[in-house]
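Below are the chains, spelled out letter by letter.
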Amino acid sequence: MERPALRRAIPSAAGRWLRGARSLRAAELRGAALGLALVCTSALGAPGPCGAPAAPAAPLRGLAAALGPAAPPAAAAARAAGLGAGTPESPAKALRRLEGWAEGAPALLQQVDGVRAEQAVQDALRGGPASGERLDLTLLALCGRELALPPEGNLRRSPERLASWRGGLSARLSGRFGAGTLELLADRVLLMPGSFSEEQRLAALDLLLRQPQERAGLALAFLASDPRATSAERRAAIEALVACPGPAALEGLLRAIESGPAEGQATARAGLVRRLEGPAAAELHDAGPGLAERLAHGSLAALLDPDWRVAAGAAELCGHLLPAQAVPALIEALRHWHARWTGPEGERQVGAGRVAWALCRSLRRLTGRWIGPDPEGWSRMLEAVEQGAPLTAPAGDTSASSFFGLALETGHVAFLVDRSGSMSAPAPATARPEHRTDPAANRLSAASAELLRALEHSGERLWFQLALFSDEGRLWRAGPTRADAEGIEAARRFLREQRPDGGTQLSSGIEAWLRGDGAQSPGPAADTLVILCDGETLEDAAWAEACLRDPRMAGVRVHAVQIGGASAEALATLCARTGGRLVRL
């Protein structure tokens, strides 16, 4: 087609299409079509002075007429964004807009920025009770879709949009008509899996985790052990129960431990430990003897479970029982797991050291004494107490090795070290003096030196793995390495070769570690993961929640050391949900 014909055809066709657009989805594309027509017309027009494009061809006036009267640039931009130059929409129209985004293709949602999302939510919230349930379900669908998106890529999660959907749900739950929203969540969305999408149910659980409601305790307790629910839903229900006030939450966690699916029992035990060590510490005994007896029966029986995840959770729960009830069983279990930690190579078990340290912590809680992972020492203590003799702890250092102050109370640990370009910044003021005074020392070199120092002080009972991440993850060796002189020297040579470069993609490092050599099964070769990172990751808290739903992460405790001042939502969530610690330097 000749250029003059093209100049006439493009704006004319675009104008006819826009005049015929009646659906919400077509209207959403009006701004994009106008921009395309402008570009095409400008490109096809005759050149102006000094080679600049001439004024748009005459047929473009038809396109402008289809879009309405001329407006100032800011107003035109707002109209193209669907905001009507900042003028609020009617609640009904805003709700239809939200429903269009919820029901449309994922690519459509990517065109919505945080400003448009927030404007639509605020306009829809003015609708009152008339559109209450429709709005609740639409916001649940939008929030669930957003949470399901990855943090990067062409179709990615937007923190601004997610904040708008969450904010709308929060306003509905805490507002004047919040009782209706809570009834919808507790009596229908959580209890009727076939009537609502998994995305809506996960969004409801996300809301109840952020805004705990005692009224939802029974529904959460049912869902946490419901075999019809997905593993992701059960795990999210358990996390919401940990924060939920009231006795129903405690009952729900115990039920998930006793009769829930196997893959959720370790999560329920870890969640109950966090609950009992938090503000609700006294509720177990305040609830009467029945719950305490059930906890004692289940926990003491699980101390010798062959799955280290089950035994570690039971060991930590036993620290909340009566001393006379638990101490003898804890010492006997320590003898069992210590042998699987330090015995002949063919009999060693991943997780045994973690269980042994957990048993020691519970013994310290119940007796007020610290002897360390020494079953014979604890047996002598018990015999002395039974005979009425004074109690004396054995001499010697029984503390665990530490990494930037984090106690490595395990027999199998994996270190995940940030190798991104930002790790070339100077070592922090809180680093050791030799790192602060060395002009060549940066964050990566300080982290490497501290890692090697921790290995040197750990003794040969510790086995370790090492992985790095920047734009992609890299595992040093597929299997674990003993922390002896040979293993430490090999790690030193590897770390000395590394140079900071690239972005901070934490997910690539965790996946490289979990994947291992492809032959590891059914989980990673370590029970404890220590992450050193400057916090400037591409991932957010929603990604961390999804990461922990991976069955391979079951029972893994995550600690983190943050070098730098970023918010580090992903690190904080990984640590909080697994009972680990986050140390900021």
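Since we're looking at a predicted model, the values are computed, not measured.

Next up on the list: the pairing of strand 7 (residues 528–533). Burial within strand 7 is extensive, with 6 of its 6 residues counted as buried. Burial of the side chains of strand 7 extends over both faces: Thr528, Val530 and Leu532 are buried on one face and Leu529, Ile531 and Cys533 on the other. Inspection of the sheet shows strand 7 paired to strand 8 (residues 557–562) by 6 bridges, in the parallel sense. Across the sheet, residue Cys533 finds its bridge partner in strand 8, namely Gln562. Between the parallel pair strand 7 and strand 8, the chain is carried across by helix 27 (residues 541–548), and the sense of this crossover is right-handed.

Let us now look at the nonpolar core. One finds Leu98, Trp101, Trp165, Leu220, Leu272 and Leu359 to be the most contacted residues of the largest nonpolar core, which totals 98 residues. Per-element accounting of this core gives the leading share, 9 residues, to helix 21 (residues 352–367). Core analysis: the next-biggest nonpolar cluster, separate from the first, contains 30 residues, Phe415, Leu452, Ala483 and Leu495 among them.

This part takes up the packing of helix 14 (residues 231–243) against helix 16 (residues 262–276). Look at helix 14 against helix 16: their axes get within 9 Å of each other, and the N-to-C directions meet at 15 degrees. Considering the angle they form, helix 14 stands roughly parallel to helix 16. Here helix 14 runs over helix 16; the crossing is right-handed. In this structure, helix 14 contributes Ser231, Arg234, Arg235, Ile238, Glu239, Leu241, Val242 and Ala243 to the contact, and helix 16 contributes Glu263, Gly264, Thr267, Ala268, Gly271, Arg274 and Arg275.

Here the focus is helix 25 (residues 485–496). When the terminal C-alpha atoms of helix 25 are compared, their 16 Å separation across 12 residues agrees well with the 16 Å that a helix rising 1.5 Å per residue should span. When helix 25 is considered as a whole, its buried residues turn out to be Gly487, Ile488, Ala490, Ala491, Phe494 and Leu495. When helix 25 is viewed along its axis, its buried side chains cluster within an angular range of 160 degrees and face the same direction. What points out from helix 25, more than 90 degrees from its buried face, is the exposed set Ala485, Glu486 and Arg496. Buried residues in helix 25 make contact with helix 24 (443–456), strand 4 (463–469), strand 5 (473–475) and strand 6 (481–482).

Our next topic: a nonpolar patch on the surface. Judged by side-chain polarity, Leu191, Met192 and Phe222 come together as a nonpolar surface patch covering roughly 220 Å² of accessible area. Counting through the fold element by element, Phe222 comes out in helix 13 (residues 217–224). The exposure class assigned to Phe222 is partly exposed, which follows from its relative accessible area of 34%.

This next bit is on unusual backbone geometry. Look at Phe404: it is not a glycine, yet its phi comes out positive at around 50 degrees. The topology assignment puts Phe404 in the loop between strand 1 (402–403) and strand 2 (406–407). Judged by relative accessible area, which is 12%, Phe404 ranks as buried.

Checked against the element boundaries, Asn154 lands in the loop between helix 9 (132–148) and helix 10 (159–174). A C-alpha to C-alpha distance of 8.7 Å links Asn154 and Ala107, two positions 47 residues apart in sequence.

Take the environment of Val556 next. Structurally, the position occupied by Val556 is in the loop between helix 27 and strand 8. Along the primary structure Val556 and Pro524 are separated by 32 residues, whereas in three dimensions their C-alpha atoms are 8.9 Å apart. Once residues within four sequence positions are removed from consideration, Val556 is found in contact with Trp308, Arg354, Trp513, Pro524, Ala526, Asp527, Leu529 and Thr578.

With 7 of 7 residues buried, strand 3 (residues 412–418) is to be regarded as a mostly interior element. Neither face of strand 3 is left uncovered, since the one carrying His412, Ala414, Leu416 and Asp418 and the one carrying Val413, Phe415 and Val417 both have all their residues buried. The pairing of strand 3 with strand 4 spans 7 bridges and is parallel. Following the sheet pairing, Ala414 is matched in strand 4 by Gln465. As paired strands, strand 3 and strand 7 are joined by 5 bridges and run parallel to one another. Each residue of the ladder has a partner; that of Phe415, found in strand 7, is Val530.

The rules behind the values
Sequence order as written defines the numbering, with residues in each chain counted from 1. In keeping with the predicted nature of the model, local features appear solely for residues at pLDDT of at least 70, side-chain atom pairs appear and are counted solely at 80 or more, and the whole-chain, interface and lining totals rest on all residues. Excluding hydrogens and water, the side-chain figures rest on all heavy atoms present in the structure. For each residue, the accessible area found with a 1.4 Å probe, counting protein chains only, is set against the maximum for its type, and the residue is called buried under 20%, exposed over 50%, and partly exposed in between. Only DSSP runs of H or I covering at least 4 residues are called helices, and only runs of E covering at least 2 are called strands; the numbering of each starts at the N terminus. Strand pairing is assigned whenever DSSP detects at least two bridges linking the two strands. Whether a crossover is right-handed depends on one test, that the path from the first strand over the helix to the second runs clockwise when the strands point away from the viewer. Only buried residues count toward a nonpolar core. Its members are Ala, Val, Leu, Ile, Met, Phe, Trp, Tyr and Cys residues joined through side-chain atoms within 4.5 Å. Here the axes come from fitting lines to C-alpha atoms, over the contacting stretch only for helices, and the angles between their N-to-C directions go from 0 to 180 degrees. When an angle is under 35 degrees it counts as roughly parallel; over 145 it counts as roughly antiparallel; between 65 and 115 it counts as roughly perpendicular; any other value is oblique. Should the near helix be turned anticlockwise from the far one by less than a right angle, the crossing is left-handed, and should it be turned clockwise, the crossing is right-handed. Only heavy atoms enter the contact rule, under which two residues are in contact if any of them lie within 4.5 Å. The length a helix should cover is 1.5 Å for every residue beyond the first. The directions considered for the arc are those from the helix axis to the C-beta atoms. What makes a patch is a set of residues exposed beyond 30% relative accessible area and free of salt bridges, joined within 9 Å when like-charged and within 5 Å when nonpolar (Val, Leu, Ile, Met, Phe, Trp, Tyr). Note on areas: Shrake-Rupley, 1.4 Å probe, and residue coverage restricted to the protein chains presented here. The salt bridge definition used is simple: a Lys or Arg side-chain nitrogen within 4 Å of an Asp or Glu carboxyl oxygen.

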